[in-house]
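Structure assessment
Residues per chain, in single letters:
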Amino acid sequence: MSFVEIETASQPECWRRAAELAETRSAALPAGGERIAVVGCGTSFYMAQAYAALREGSGQGESDAFAASEFPFGRGYDRVVALTRSGTTTEVLELLERLRGVTRTVAITADPNTPVMTAADDVVVLEFADEQSVVQTRFATTAFTLLRAHLGLHTEEAVRDAETALAEPLPEGLVESTQFTFLGRGWTAGLANEAALKMKEASLSWTESYPAMEYRHGPISIATEGTATWMFGTAPEGLAEQVLATGARWVDSGLDPLADLVRVQRLAIARAVARGLDPDSPRHLTRSVVLTDA
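What comes next concerns the included structure. Position labels on residues start from 1 in each chain and follow its written sequence. Since the coordinates come from a predicted model, pLDDT governs what is reported: local features require at least 70, and pairs of side-chain atoms require 80 or more to be given and counted, while whole-chain, interface and lining totals use all residues. Derived side-chain values reflect all non-hydrogen atoms in the structure, with water molecules and hydrogen atoms excluded from consideration.

Regarding the overall build of the protein chain
Under the convention used in this document: Segments assigned H or I by DSSP are reported as helices when at least four residues long, segments assigned E as strands when at least two residues long, and all are numbered from the N terminus. All radius of gyration figures rest on C-alpha atoms, and the globule criterion is 2.2 Å times the number of residues raised to 0.38. Exposure is judged per residue with a 1.4 Å probe applied to protein chains only, and the accessible area is read against the type maximum: over 50% gives exposed, under 20% gives buried, and values in between give partly exposed.
For the protein chain, the helix and strand inventory stands at ten helices and nine strands. Relative to the compact-globule value of 19 Å for 294 residues, the protein chain shows a C-alpha radius of gyration of 18 Å, a close match. Expressed along its principal axes, the backbone C-alpha trace of the protein chain runs to roughly 55 × 40 × 40 Å. Within the protein chain, buried positions represent 55% of all 294 residues.

Things to note about the sheet that holds strand β3 (residues 79-83)
In sheet architecture, strand pairing relies on hydrogen bonds along the backbone and comes in two forms, parallel and antiparallel. To keep things clear, this is the line we draw: Here, any two strands with at least 2 DSSP bridges between them count as paired. Under this scheme, a helix contributes an axis fitted over its contacting stretch, all axes are lines through C-alpha atoms, and angles between N-to-C directions fall in the 0 to 180 degree range. Throughout, a residue-residue contact means that at least one pair of heavy atoms, one from each residue, lies within 4.5 Å.
Reading across from one edge, β2-β1-β3-β4-β5 is the order of the five strands in this open sheet, with parallel pairing throughout. Of all the strands in the sheet, the pair left with one neighbour each is β2 (63-67) and β5 (122-125). Taking the axes of each pair of neighbouring strands and ignoring which way they run, one obtains an average angle of 20° across the sheet. Judged from the four bridges that link them, strand β4 (residues 104-109) and β5 form a sheet pairing that is parallel. Following the sheet pairing, I108 is matched in β5 by V124. Of the strands in this sheet, β1 (36-40), β2 and β3 are in contact with helix α3 (residues 43-57), which crosses β2 at around 170°.

Brief notes about the pattern of salt bridges
As a reminder of what qualifies: A side-chain nitrogen of Lys or Arg and a carboxyl oxygen of Asp or Glu constitute a salt bridge if their distance falls within 4 Å.
For the structure on display, the rule yields 13 salt bridges. For the salt bridge of R79 with E34, the shortest nitrogen-to-oxygen distance reads 2.9 Å. Taken together, the residues span a long stretch of sequence, with R79 in strand β3 and E34 in the loop between α2 (11-24) and β1 at a distance of 45 residues. Take R79: its relative accessible area is 7%, and that puts it in the buried class. Connected via shared salt-bridge partners are R16, E156 and E163.

Quick notes on the side chain of S63
We apply this condition: Whenever two N or O atoms come within 3.5 Å, that pair is a polar contact, provided that in protein one can donate a hydrogen and the other can accept it, and provided that, for residues adjacent in sequence, both atoms are side-chain atoms.
Structurally, S63 can be placed in strand β2. Engagement of the side chain of S63 in a polar contact is seen with the side chain of R55, the distance being 2.9 Å.

A closer look at the pairing of β2
The condition is simple: With strands facing away from the observer, any crossover in which the path from the first strand over the helix to the second runs clockwise is taken as right-handed.
Alignment of β1 against β2, held across five bridges, turns out to be parallel. Paired with V38 across the bridge in β2 is A65. Crossover handedness for the path β1 to α3 to β2: right-handed.

Some words on the sheet that holds strand β8 (residues 227-231)
Within the open sheet, the four strands sit side by side as β7-β6-β8-β9. Their pairing is parallel. Strand pairing shows two members of the sheet lacking a second neighbour, β7 (207-211) and β9 (249-251), which therefore form its edges. Strand-to-strand, the axes of this sheet are offset by a mean angle of 20°, without reference to chain direction. The sheet contact formed by strand β6 (residues 179-184) and β8 spans five bridges and is parallel. Its bridge partner being in β8, F180 is matched across the sheet by A228. Where helix α8 (residues 188-203) meets the sheet, it contacts β6 and β7, and its direction lies at approximately 160° from that of β6. Together, β6, β8 and β9 form the strand contacts of helix α10 (residues 257-274), whose direction differs from that of β8 by roughly 155°.

This is the structure:
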């Protein structure tokens, strides 16, 4: 088995541990009512989008998400949350350095032996969710679970749904689809973005992602026989029927949206294997982007 297969399968137990950790590390995480920004790069940026939308949507405070390289320094925040599996990503470390003494920061990372440990004011380490694969799976979902639990919105049902997502076979014929579009609403729009990235990284698949209500405004034109449209969460009324009318496959599991992301991870691995690719080592990618001066 590849590393990513093993790491994907370990997510239910990682989620349970993260939920427990959220209780003991609550002081390091954003308090209710704080105005916050959440930053990251790649997968971490998309999970930041999901968390920010979930937090603000549940009435717990204004929450923005940015790619670390695009942070608006002219805005004021009570706290900035940085997601970084490796703890070495250049853009994240540079951002934390610029915020030192100006805005309180907390980093969520997997490696306690990296520069982020001293770059942020507070650090929450999810060492049990670290990964050997370049492709992120369990760290991303475990970090999200930590934050979701801190909001009081994590449930054991989500963990059980993840176990279901790992146990049930993927829909027949889905691996052979020629194109994938992932849709979400509210906080699940960030998950849709991450799903599209996962398919690109691991299996070099043609993927796109959109807020679900935007799909009718042009992107649905590529839906046809052999393509798949995957909905995270509850779909807009009538959208499934419209997609099916194009001849495309409609995928809607009814599972907790984070557990549904686990199904996409499995699909990405399955497509990589079917295409003779190494899902642990995507082309042109490394575990962390560390930039050096010219």
